[in-house]
Amino acid sequence: MASYRPRLYLVTDPVAQPDALAPALSRALAAADIAAVLLRLAPADERTLINRIKTLAPLVQERGAALVLDGYPDLVARSGADGAHLTGIEALQAALPTLKPARIAGVGGLHTRHDAMLAGEADPDYLMFGLPEDGVSPPLNATLERVSWWAEVCQLPCVGYAASADAVAPLAGAGADFVALGSFVWNDPAAPETAIQAAAEAVAAAARETVG
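Below: a short report on this structure. Remember, predicted model here, so these are calculated numbers, not experimental data.

1. What about the pairing of strand S4 (residues 83-87)?
Item 1. With respect to burial, S4 is a largely interior element, four of its five residues being buried.
Item 2. In this sheet, strand S5 (residues 104-108) lies alongside S4 in parallel orientation, the contact comprising five bridges. In the strand pairing of S5, glycine 83 is matched with isoleucine 104.

2. What about the sheet that holds S4?
Item 1. Taken in spatial order, the eight strands close into a barrel running S1-S2-S3-S4-S5-S6-S7-S8, and their pairing is parallel. Here the average twist between neighbouring strands, direction ignored, is 25°.
Item 2. For strand S3 (residues 66-70) and S4, the ladder comprises three bridges, and the chain directions are parallel. Bridging from a neighbouring strand, aspartate 70 pairs with histidine 85 of S4.
Item 3. Contacting strand S1 (7-11) and strand S2 (34-39), helix H1 (residues 18-31) crosses the sheet at an angle of about 155° to S2.

3. Quick look at the packing of helix H5 (residues 113-121) against helix H6 (residues 140-153)
Item 1. As a packed pair, H5 and H6 sit with axes 11 Å apart at the nearest point and diverge in direction by 45°. If you check the angle between H5 and H6, you find them oblique. Note that H5 runs across H6; the crossing there is right-handed. Along the contact surface, H5 presents Arg113, Ala116, Met117 and Gly120, while H6 presents Glu145, Arg146, Trp149 and Trp150.
Item 2. Per-class residue counts for the contact of H5 with H6 are four nonpolar, one polar and three charged.

4. Here we look at helix H4 (residues 89-99)
Item 1. The set of residues buried in H4 consists of Ile89, Leu92, Ala95, Leu96 and Leu99. Mapping the buried residues of H4 onto a view down its axis gives an arc of 130°, with all of them on the same face. The exposed residues of H4 that point more than 90 degrees off its buried face are Glu90, Ala94, Pro97 and Thr98.
Item 2. Elements that come into contact with the buried residues of H4 comprise helix H3 (76-79), S4, S5 and H5.

5. Focus on the environment of serine 79
Item 1. Within the secondary structure layout, serine 79 lies in helix H3.
Item 2. Discounting residues that sit within four places of it in the chain, serine 79 has contacts with Ile50, Ile53, Lys54 and Leu69.
Item 3. At a separation of 3.3 Å, a polar atom in the side chain of serine 79 contacts the main-chain carbonyl oxygen of valine 76.

6. Observations regarding the pattern of salt bridges
Item 1. Under the criterion given, the structure shown has seven salt bridges.
Item 2. The shortest N-O distance in the salt bridge between glutamate 193 and arginine 27 comes to 3.4 Å. With glutamate 193 in helix H9 (residues 192-211) and arginine 27 in helix H1, this pair connects stretches of sequence that are 166 residues apart.
Item 3. Using a relative accessible area of 42% as the deciding quantity, one classes arginine 27 as partly exposed.
Item 4. The partner of glutamate 145 in a salt bridge is arginine 113, and the shortest N-O contact between them spans 2.4 Å.

7. Thoughts on the packing of aromatic side chains
Item 1. Applying the stated criterion across every chain, the model contains three aromatic pairs.
Item 2. Residues tryptophan 149 and tryptophan 150 carry aromatic rings whose centres are separated by 5.6 Å and whose planes lie at 65° to one another, so their mutual orientation is edge-to-face. Accessibility classification places tryptophan 149 together with tryptophan 150 in one group, the buried group.
Item 3. Ring-pair connections join several aromatic residues into one group, and the members of that group are Phe129, Trp149 and Trp150.

8. A word on the nonpolar core
Item 1. Counting residues in each nonpolar core, the largest one holds 67 residues, and the members touching the most others are Leu8, Leu25, Val179, Leu181 and Ile196.
Item 2. Those residues within four positions of leucine 25 in sequence are excluded, and the remaining contacts are Leu10, Val37, Leu56, Leu59, Val60 and Trp186.
Item 3. Of all hydrophobic cores here, the second largest spans twelve residues; its members include Ala36, Leu38, Val68 and Tyr161.

Rules of the game
Residues numbered from 1 in each chain as written. Predicted model: local features only at pLDDT ≥ 70, side-chain atom pairs only at ≥ 80, totals over all residues. Heavy atoms only, no water. Buried < 20%, exposed > 50% of the residue type's maximum accessible area, 1.4 Å probe, protein only. Helix = DSSP H or I, 4+ residues; strand = E, 2+ residues; numbered from the N terminus. Pairing = 2+ DSSP bridges. Axes fitted to C-alpha atoms, helices over the stretch in contact; angles between N-to-C directions. Contact = heavy atoms within 4.5 Å. Parallel < 35°, antiparallel > 145°, perpendicular 65-115°, else oblique. Left-handed = near helix turned anticlockwise from the far one by under 90°. Nonpolar A, V, L, I, M, F, W, Y, C, P; charged D, E, K, R; others polar. Arc of directions from axis to C-beta. Polar contact = N/O pair within 3.5 Å; in protein donor to acceptor, adjacent residues only side chain to side chain. Salt bridge = Lys/Arg side-chain N within 4 Å of Asp/Glu carboxyl O. Phe/Tyr/Trp six-rings, centres within 6.5 Å; stacked < 30°, edge-to-face > 60°. Core = buried A, V, L, I, M, F, W, Y, C linked by side-chain atoms within 4.5 Å.

Below, the structure is given as structure tokens:
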């Protein structure tokens, strides 16, 4: 446990104008150690989606982070992304032949412990708990319970989604390997990098308490 230190995972709001996001995303990536960016895309035709991804992928990857698409596993290779995040076991299983072993396959939308165990048996790269579905976040206590349970019983990495800044430290303390930062980062009244730096400090403090 001496080396335990969760990493941060950025989650974008739905992106329609990648050029508008790029400056803020660049500053966000420079603010702290970011393992990955989950790119959520506003609906569009396939060519437009690929062009959006290609605009942002180099910016993310040059910082040493992985660019993971929210869905669209069939666009990963063609767009230069590093992987896809799937919602639900069926979507994961359908995407695995396309993604593995060269690309990242993550999964969320797991509503029960049984779902989580089934997803884990499919051997994704990570499970995520707490990501909002249809704009609704599960209660923090429910996410903490699931993260803590998973960290205790399984070696497969898990991501805990923080819907607010106050959730970052508890998720890190519960044993999440990654803490995902959502809309509160992009809506920070100062700047996204301010919220990210605060989250990094909260994770570091929680890690010290966990190992200490």
